[in-house]
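Listed here are the chains, written in short residue letters.
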Amino acid sequence: MMAPLDPPTTQAKADCWREAVLTAGLAVFDWDVGERRIYRSPEMLANWDYAPGPNEAVDSARAVIHPDDYPDFWARMKDMEAGIVERAVLEIRMRARDGSWRWVRWRARIVARGDDGRPARIVGTVNDIDEIWKGRDLARESQMRLQGIVDSAMDAIISVDRDQRITLFNRAAERIFGYEPLEVLGQPLAMLIPSRFHQQHHRHVEEFGRAGVSSRPMMAQRIVTALRKGGEEFPIDASISQNEIRGHRFFTVILRDVSLRERTRRELAQAREDLRELSVASRTAREQENSRISRELHDELGQNLTSLKMDLAWLEANTPRDDGKFLKTIAAMRSVLDSTVAATRRISADLRPLMLDDLGLMAALEWLAEDTSRRHGFTVQLAVDEASENLAEPLASQVYRIVQESLTNAGRHAAAQKVRVTLRTIGREIHLDVVDDGRGLAPEDLQKKGSFGLVGIRERVYILAGSVEMRGDAGHGTEIHVRLPFPAIHEGSP
Ligand SMILES: Nc1ncnc2c1ncn2[C@@H]1O[C@H](COP(=O)(O)OP(=O)(O)O)[C@@H](O)[C@H]1O
Ligand SMILES: [Mg+2]
């Protein structure tokens, strides 16, 4: 049997306690109020900037506590010393060994009182909470920074929870929708969408939630419609993203009011359409004017020249054979007259081939093909289907001009042997193809400064709302493909 141990003395208890503190490496103090001494654990002395050597003086704390925090600290300790408060928890700054100020939590408690009831021992701990505080500051700061960004964004930013109730509504959203945050927070997102889109929208968000992707534009390519407080609908561009925080799924929609952009786009399209119509009208007027001058040249001038020629022939016939001087002059006059007739014809035809008006597109194209092949020395194969033989205006004039420019180019630039011109009516469209076997158009030719032939073709096609493709293959020729729709007024009769 073992002998019972002696009950530990107070001193032994204190020693045990200190031993435990030492082993645990805690920053603690043990304040003997009566003796006015403080035991500070090695951890405490090692971490904080206490003066070297024994450190038992009560007011040593002054050296390590931030001057701003010290008065309050001292007052609290005085209260404890006087026994007015039982315990204290303070958050103060202490100077660490490296000289930096760190936030600590200072806890103190009265653990023993003397016979007179006054505190005899006060013990406490010091915990470094600087990291926690900094973390808290950082979190607050980043939260504020995020709030700032969200609020200064030009786009509306709206978050909704899983039930599609609004949880965030930034300044831009207030401005765009006309609501105060208090009017919308916690309300269903549906209040910002015209009712006829509710179902569709709800489904869209649900599907998006299931899809699990993190972000995407809403209804890609399509303008979504939203609803202002006053009931006005407006087009928006929107994208949606989803996040999960601690098991809670939420969606964020970023959107932009695009009414202005849409209106500008419509106005621009309208302006373009107006301009196109104006071009058609001015081209038509010019063709008509050309036609009038051409006819006058041909009819009036042509006839006068013909009668002059006849008079000259009569003169020649009635001039004595031996009058050399007269005959020579007459011959010279005839030659000038002939070239004047030819020039008149040429000018007239260039202005506008009267054949186009008198005999139709087919005849005019045939004449053009023959004339250019004679001028440039290549063969022109012309194929026109029946439906296109008598195209109405303004198509006929434009087709004629496009073929004319293409053939001139083939003669001037391509050194072609053969040019094929094909004109067909396919559905509600005219297809015109001009293909030569010359040197081939280069891509940079399409932008050649001061050249207006190809530009003119494009413009003609554009004002007729058609399309054109021009392409060259070096050494293997050039192809021009034109598609022209029949104008609406010719609907039903190609
Ligand atoms: N059929 C073609 N073959 C080869 N090059 C061509 C052809 N058509 C046009 N080009 C090139 O494209 C340029 C621009 O043509 P265009 O606009 O008709 O102006 P221009 O005939 O007054 O030079 C020409 O200068 C020429 O270099
Ligand atoms: Mg040209």
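The rules behind these values
- Residues numbered from 1 in each chain as written.
- Chains lettered and ligands numbered in written order.
- Predicted model: local features only at pLDDT ≥ 70, side-chain atom pairs only at ≥ 80, totals over all residues.
- Heavy atoms only, no water.
- Buried < 20%, exposed > 50% of the residue type's maximum accessible area, 1.4 Å probe, protein only.
- Helix = DSSP H or I, 4+ residues; strand = E, 2+ residues; numbered from the N terminus.
- Donors = N, O, S within 2.8 Å, 3.2 Å for Na, K, Ca; no water.
- Pairing = 2+ DSSP bridges.
- Axes fitted to C-alpha atoms, helices over the stretch in contact; angles between N-to-C directions.
- Contact = heavy atoms within 4.5 Å.
- Domains from an automatic or database assignment.
- Buried area = accessible area lost by both parts, 1.4 Å probe.
- Salt bridge = Lys/Arg side-chain N within 4 Å of Asp/Glu carboxyl O.
- Polar contact = N/O pair within 3.5 Å; in protein donor to acceptor, adjacent residues only side chain to side chain.
- Phe/Tyr/Trp six-rings, centres within 6.5 Å; stacked < 30°, edge-to-face > 60°.
- Lys NZ or Arg CZ within 6 Å of the ring centre and 35° of its normal.
- Near = heavy atom within 4 Å.
- Nonpolar A, V, L, I, M, F, W, Y, C, P; charged D, E, K, R; others polar.

Here the focus is helix H14 (residues 453–463). Looking only at H14, the buried set comprises Leu 454, Gly 456, Ile 457, Arg 460, Val 461 and Ile 463. A positive phi of about 60° marks Ala 465, the residue just after H14.

Around a metal, the idealised angle for a tetrahedral arrangement of four donor atoms is 109.5 degrees; for an octahedral arrangement of six donor atoms it is 90 or 180 degrees. Protein-derived coordination of the magnesium ion (ligand 2) comes from Glu 405 (OE) and Asn 409 (OD1), at a distance range of 2.1 Å. Here the residue Glu 405 and the residue Asn 409 both occupy positions in helix H13 (residues 395–414), the gap between them amounting to four residues, near one helical turn. Judged by relative accessible area, Glu 405 falls into the partly exposed class, the value being 24%. Relative accessible area serves as the criterion here: at 17%, Asn 409 is assigned to the buried category.

Let us look at the sheet that holds strand S14 (residues 429–436). Here five strands make up an open sheet; going across it, the order is S12-S13-S14-S16-S15 and the pairing mixed. The open sheet terminates on both sides in strands that have one partner only, identified here as strand S12 (379–384) and strand S15 (467–472). Put simply, the sheet's adjacent strands are angled 10° from each other on average, direction ignored. By the bridge criterion, six bridges tie S15 to strand S16 (residues 478–485) in an arrangement that is antiparallel. Pairing of Arg 471 across the sheet is with Glu 479, part of S16. With respect to the sheet, helix H12 (residues 361–376) is in contact with S12 and strand S13 (418–426), its orientation differing from that of S12 by roughly 170°. Set on the sheet, H13 makes contact with S12, S13, S14 and S16; between it and S14 the angle comes to about 10°.

Often the size quoted for an interface is simply the accessible area lost on bringing the parts together. When the domains of the chain are assigned, the result is domain 1 (21–128), domain 2 (153–257), domain 3 (276–352) and domain 4 (354–494). Computed over C-alpha atoms only, the centres of domain 3 and domain 4 are separated by 29 Å. Among the residues of domain 3 in contact with domain 4, Arg 276, Arg 283 and Arg 352 are the three that bury the most area, contributing 47% of the side total. At the boundary of domain 3 with domain 4, the tally comes to five salt bridges. Between Glu 393 and Arg 352 there is a salt bridge, and its shortest N-O distance comes to 3.2 Å. In this assembly, domain 3 and domain 4 are joined by ten residue pairs in polar contact (both at pLDDT 80 or more). Where the side of domain 3 that touches domain 4 is concerned, the elements lending two or more residues are helix H9 (259–317) and helix H10 (324–351).

Turning to the environment of Asp 59, a few remarks are in order. Here Asp 59 shows up in the loop between helix H2 (42–47) and helix H3 (61–64). With 22 residues separating them along the chain, Asp 59 and Arg 37 place their C-alpha atoms 9.5 Å apart.

With the rule as written, the count across this model stands at seven aromatic pairs. Between the aromatic rings of Phe 169 and Phe 177, the centroid separation amounts to 6.2 Å while the plane-to-plane angle is 50°, which identifies the pairing as tilted. Take Phe 177: its relative accessible area is 2%, and that puts it in the buried class. Among the aromatic residues, ring-to-ring pairing joins Phe 29, Tyr 70, Phe 73, Trp 74 and Trp 106 into one connected group. Geometry around Phe 234 places Arg 228 over its ring, the cationic atom sitting 3.9 Å from the centre.

Neighbouring ligand 1 are 16 residues, the closest being Asn 409, His 413, Asp 436, Lys 448 and Leu 454. Asp 436 is positioned such that a nitrogen or oxygen atom in its side chain is 2.9 Å from a nitrogen atom of ligand 1. Take Leu 454: an N or O atom from its main chain is 2.8 Å from an oxygen atom of ligand 1. Residue contributions to the shell around ligand 1 peak at five residues, all from H13. By residue class, the composition of the shell around ligand 1 is four nonpolar, six polar and six charged.

What follows concerns the sheet that holds strand S3 (residues 87–95). Taken in spatial order, the five strands of this open sheet run S2-S1-S5-S4-S3, and their pairing is antiparallel. Only two strands of the sheet have a single partner each, and these edge strands are strand S2 (37–40) and S3. The average angle at which neighbouring strand axes cross in this sheet is 25°, direction not considered. On the sheet, helix H4 (residues 70–81) packs against strand S1 (28–32), S3, strand S4 (101–113) and strand S5 (119–128) and is oriented at approximately 145° with respect to S3. Packed on one face of the sheet, helix H5 (residues 130–152) meets S3, S4 and S5 and runs near 130° to S4.

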